[in-house]
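# Topology and contacts: notes
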Amino acid sequence: GAVVSQHPSWVICKSGTSVKIECRSLDFQATTMFWYRQFPKQSLMLMATSNEGSKATYEQGVEKDKFLINHASLTLSTLTVTSAHPEDSSFYICSARQGFVPNTEAFFGQGTRLTVV
Amino acid sequence: AQKVTQAQTEISVVEKEDVTLDCVYETRDTTYYLFWYKQPPSGELVFLIRRNSFDEQNEISGRYSWNFQKSTSSFNFTITASQVVDSAVYFCALSASTGFQKLVFGTGTRLLVSP
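Residues numbered from 1 in each chain as written. Chains lettered and ligands numbered in written order. Predicted model: local features only at pLDDT ≥ 70, side-chain atom pairs only at ≥ 80, totals over all residues. Heavy atoms only, no water.

### Thoughts on the overall build of chain A
Note the threshold: What counts as a helix is a DSSP run of H or I of at least four residues, what counts as a strand is a run of E of at least two, and both are numbered from the N terminus. Throughout, a residue-residue contact means that at least one pair of heavy atoms, one from each residue, lies within 4.5 Å. Every accessible area reported is derived by Shrake-Rupley at a probe size of 1.4 Å, with residue values counting cover from the shown protein chains alone. Neither His nor the chain ends contribute to the count of charged residues, in which Lys and Arg are positive and Asp and Glu negative. Charge positions are represented by NZ for Lys, CZ for Arg, CG for Asp and CD for Glu.
Counting its regular elements, chain A contains 0 helices and 11 strands. Taken from N to C terminus, the helices and strands of chain A fall in the order β-β-β-β-β-β-β-β-β-β-β. Principal-axis analysis of the C-alpha atoms gives chain A an extent of 40 × 25 × 20 Å. Pairs at least 24 residues apart make up 55% of the contacts formed inside chain A by residues separated by at least 6 positions. In the structure as shown, chain A presents an accessible area of about 5,700 Å², 54% of it carried by carbon and sulfur atoms. Here chain A contributes 10 positively and 9 negatively charged side chains, and the mean placements of these two sets differ by 5 Å.

Right, dumping it as structure tokens:
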């Protein structure tokens, strides 16, 4: 099956620094990628939808300047948490869909556990 | 608006018991897709099943089975003869057929299978 690789798996950073998370589709072209955030013992909340070559569409309440998303190619999307603070500590998961074909499952990355100290 | 409700926060069973995880959804779309994912302690999401809104056939895959009923907007998941390795959080999700087809997740059900 299709594989989505997310890197890093975990990261610890100091408060005030920025962290970049990569999401790659390894064996298919991902026209659309999604970024989710999951707090401990909670559900996945969609943060934004990114389409290759265009600006990301953010969900209500998600700060665009805080969570920068870039989808520069059909196989790579990045999420940068800028000026991270302890409250940004969370599990971030990306997913990718192949083209706009309906009824296809979203393939998920392994997730990135971010801890801001 | 789309919404997925998993009323069972946590379920504990003993190995070999059958267990059913409930999922109720809301959508105004006539065509939509329903999913179940498993999230083990490692955190990655494991795809289990996808079902189209126009296909109400129940499905069985090994010890797993799914019961889709449009009349009650439910898509329940049953594990037969549960095993310790089934312990995980299970998410039900809904996707529209249009737009970016983003997934809306339920709050998840934590299943604990004891030996």
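### Here's the deal with the state of the cysteines
Residues and elements named next belong to chain A. Spelled out, the test is: Only a pair of cysteine sulfur atoms within 2.5 Å counts as a disulfide in this structure description. Here the term buried applies to any residue with accessible area under 20% of the maximum for its type, exposed to any over 50%, and partly exposed to those in between, with areas from a 1.4 Å probe on protein chains only.
Considering all chains together, one arrives at 2 disulfides over all chains under this definition. Sulfur-sulfur distance for the disulfide between cysteine 23 and cysteine 94 comes to 2.0 Å. On the S-S bond that ties cysteine 23 to cysteine 94, the torsion sits near 80°, and the link is right-handed. With a gap of 71 residues between them, cysteine 23 in strand β3 (residues 19-25) and cysteine 94 in strand β9 (residues 90-98) connect regions that are remote in the sequence. Judged by relative accessible area, which is 0%, cysteine 23 ranks as buried.

### Some remarks on the nonpolar core
This is how it is decided: Nonpolar core, defined: a set of buried Ala, Val, Leu, Ile, Met, Phe, Trp, Tyr and Cys residues in which side-chain atoms within 4.5 Å join the residues together.
Val4, Trp35, Phe67, Ile69, Leu79, Tyr92 and Leu114 of chain A are the most contacted members of the largest nonpolar core, which totals 25 residues. Listed by contribution, the elements that provide at least two residues to this core are β2 (10-13), β3, β4 (30-38), β5 (44-51), β7 (67-73), β8 (76-81), β9 and β11 (112-116) of chain A. Core analysis: the next-biggest nonpolar cluster, separate from the first, contains 24 residues, Val19, Cys23, Ala88 and Leu94 of chain B among them.

### Description of the side chain of serine 53 of chain B
Residues and elements named next belong to chain B. Put simply, the test is: For this analysis, a polar contact is any N or O atom pair within 3.5 Å, provided that within protein one partner can donate a hydrogen and the other can accept it, and provided that sequence-adjacent residues contribute only side-chain to side-chain pairs.
Relative to the assigned elements, serine 53 resides in the loop between β6 (46-52) and β7 (59-61). A polar contact of 3.2 Å, which involves the side chain of serine 53, links it to the backbone oxygen of threonine 30. The contact partners of serine 53, leaving out residues within four places of it in the chain, are Thr30, Thr31, Tyr32, Phe68 and Lys70.

### Quick notes on the interface of chain B and chain A
Test applied: We define a salt bridge as a contact between a side-chain nitrogen of Lys or Arg and a carboxyl oxygen of Asp or Glu at a distance within 4 Å.
Counting from both sides, the interface comprises 20 residues of chain B and, opposite them, 25 residues of chain A. The interface formed by chain B and chain A includes 1 salt bridge. For lysine 102 of chain B, the salt bridge goes to glutamate 59 of chain A, with nearest N and O atoms at 3.1 Å. Counting every contact that joins chain B to chain A gives 4 residue pairs in polar contact (both at pLDDT 80 or more).

### Some words on the sheet that holds strand β1 (residues 4-7) of chain A
The strands that make up a sheet pair up through hydrogen bonds in the backbone, lying either parallel or antiparallel. Residue and element names in this part refer to chain A. Quick note on the threshold: Paired strands, in this sense, are two strands between which DSSP finds at least two bridges. Helix axes use the C-alpha atoms of the stretch in contact, all axes being lines fitted to C-alpha atoms, and the angles between their N-to-C directions lie in the range 0 to 180 degrees.
The sheet built from 4 strands is open, its strands ordered β1-β3-β8-β7 with antiparallel pairing. Each having just a single partner strand, β1 and β7 make up the two edges of the open sheet. Going from strand to strand, the sheet's axes swing by 15° on average, the running direction of each strand aside. Sheet analysis places β3 next to β8, joined by 6 bridges and oriented antiparallel. Residue pairing across strands places isoleucine 21 opposite leucine 79, the latter belonging to β8.

### Observations regarding the pattern of salt bridges
Tallied over the full model, the rule gives 6 salt bridges over all chains. Beyond isolated ion pairs, a larger network of salt bridges with shared partners links Arg51, Asp55 and Glu59 of chain B.

### Digging into a nonpolar patch on the surface
Residue and element names in this part refer to chain A. Quick reminder of the rule: For patches, a residue must show more than 30% relative accessible area and have no salt bridge; joins then use 9 Å for like charges and 5 Å for nonpolar side chains, namely Val, Leu, Ile, Met, Phe, Trp and Tyr.
Taken together, the side chains of Trp10, Ile12 and Val117 make up a nonpolar region of the molecular surface, amounting to roughly 370 Å² of accessible area. If you trace the backbone, valine 117 turns up in the segment after β11. On the accessibility criterion, valine 117 (57% relative accessible area) is exposed.

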